[in-house]
Amino acid sequence: MLKMNFWDAKWDLDMPRCPCDAHFNDWVKQNKLKNKLIYHFGTGNHHVVGLKQATNKANNVVLAITASKEEYASYIELAINKPKVSKNYLAYFGDIYLTNPKLLPDFDVVTLFHLCEFYHPRNKAYGGVDDAQLLDMLTAKTRPGGHILFFTGSFAFPSADKIIAKWEKSGRVKRVGAFKTLLVFRKLK
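A quick note: this is a predicted structure, and the numbers were derived from the prediction, not measured.

A. Quick peek at the sheet that holds strand β2 (residues 61-66). An order of β3-β2-β1-β4-β5-β7-β6 is seen for the seven strands of this open sheet, with the pairing classed as mixed. A single partner strand is all that each edge strand has here, and the edge strands are β3 (89-93) and β6 (173-179). Each strand of the sheet is rotated relative to its neighbour by a mean of 20°, with strand direction disregarded. As paired strands, strand β5 (residues 142-151) and strand β7 (residues 182-187) are joined by five bridges and run antiparallel to one another. Residue pairing across strands places F151 opposite L182, the latter belonging to β7. Along the sheet, helix α5 (residues 131-140) makes contact with β1 (37-41), β4 (107-111), β5, β6 and β7, crossing β5 at roughly 145°.

B. Unusual backbone geometry, seen in detail. A positive phi angle, close to 50°, is found at K32, a residue other than glycine. Mapped onto the elements, K32 comes out in the loop between α1 (20-30) and β1. With a relative accessible area of 65%, K32 lands in the exposed category. Within the chain, N59 stands out as a residue other than glycine whose phi angle is a positive 60°. With respect to the secondary-structure elements, N59 resides in the loop between α2 (48-55) and β2. Residue classification places N59 among the partly exposed positions, given a relative accessible area of 46%.

C. Just the pattern of salt bridges, in detail. The tally for this structure, following the rule as stated, stands at five salt bridges. R172 is the partner of D136 in a salt bridge, and the nearest nitrogen-oxygen pair spans 2.9 Å. With D136 in helix α5 and R172 in the loop between α6 (157-168) and β6, the pair connects residues that are 36 residues apart, well separated along the chain. Judged by relative accessible area, which is 35%, D136 ranks as partly exposed. Notably, a salt bridge pairs R175 with E168, separated by 2.8 Å at the nearest N-O pair. Owing to a relative accessible area of 38%, R175 belongs among the partly exposed residues under this scheme. Among the residues examined, E168 registers a relative accessible area of 25% and is labelled partly exposed.

D. The arrangement of the side chain of N25 in detail. Structurally, N25 is set in helix α1. Taking the relative accessible area as the measure of exposure, N25 reaches 8% and is therefore buried. Other than its neighbours up to four places away in sequence, N25 contacts V48, V49, K52 and Q53.

E. Region of the structure containing the nonpolar core. Core analysis: the largest hydrophobic core is formed by 27 residues, its most contacted members being Y39, L112, L115 and F150. Those elements giving two or more residues to this core turn out to be β1, β2, β4, α5, β5, α6 and β7. Residues in contact with F150, not counting those within four places in the same chain, are L112, F113, L115, L135, F157, I164, W167, T181, L182, L183 and F185.

F. Quick look at the packing of aromatic side chains. Under the counting rule described, the total for this entry stands at eleven aromatic pairs. On the basis of an interplanar angle of 50° and a centroid distance of 5.1 Å, the ring pair of Y39 and F107 is categorised as tilted. Residue Y39 is found in strand β1, and its partner F107 is found in strand β4; the two are separated by 68 residues along the sequence. Take Y39 and F107: they sit in the same class, and that class is buried. By the ring-pair criterion, three or more aromatic residues cluster together here, those being Y72, Y75, Y89 and F93.

Cut-off values and rules
Here, residues in each chain are numbered from 1, in the same order as that chain's written sequence. Whole-chain, interface and lining totals are the exception, using all residues; otherwise, since this is a predicted model, local features are given only for residues with pLDDT of at least 70 and side-chain atom pairs are given and counted only at 80 or more. Excluding hydrogens and water, the side-chain figures rest on all heavy atoms present in the structure. At least two bridges found by DSSP between two strands is the condition for calling them paired. Secondary structure elements follow DSSP: runs of H or I of four or more residues count as helices, runs of E of two or more count as strands, with numbering from the N terminus. Lines fitted to C-alpha atoms define the axes here, with helix axes fitted over just the stretch in contact, and angles between the N-to-C directions of these axes take values from 0 to 180 degrees. Should any heavy atoms of two residues lie within 4.5 Å, those residues are counted as being in contact. To sort residues, take the accessible area from a 1.4 Å probe on protein chains only and compare it with the maximum for the residue type: under 20% means buried, over 50% means exposed, and anything in between is partly exposed. Salt bridges, as used here, are contacts in which a Lys or Arg side-chain nitrogen is within 4 Å of a carboxyl oxygen on Asp or Glu. Throughout this description, the term nonpolar core refers to a set of buried Ala, Val, Leu, Ile, Met, Phe, Trp, Tyr and Cys residues connected via side-chain atoms within 4.5 Å. Pairs were defined over the aromatic rings of Phe, Tyr and Trp, the Trp ring being its six-membered one, requiring ring centres within 6.5 Å. Orientation was assigned from the angle between planes: stacked under 30 degrees, edge-to-face over 60, tilted for the rest.

Here is the structure:
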């Protein structure tokens, strides 16, 4: 029996190694984003993006995916202990490569900080897409004028950057620039 590819660990906040979530919150603040629907790939055990966006009074909402049972369990504890947070922050457990776009609304912002970090041939064996297909799918689920962001400090960024370069040439997006460790694009149409 083929089992789901999941992450049998958790990621605590480690700013020197992975500041992308904190940098994303800084980007949201600098750009004064309000009333936005955000899709976030990788909650971390810290839930920094979901917590900040649920409590910063900007009325942004976050739908986030984790493939870590421990991170999902910490979200459940967070929702139990801080129920108001779950009004604007929902995390779910799953394999992002199995995402069915019919289950997703259209987003204003998509974070793909972990593009190319978790794909395994097993994902394809049970019906998952690859990273390029995932990027195309989430681009289609981003509203025109919305943003798609990547983490340049990811160990997998060299692989992701090749996919991003080809995707950028499609004419559907425009590179906005860099913000700290993030690469920012705007969807055109």
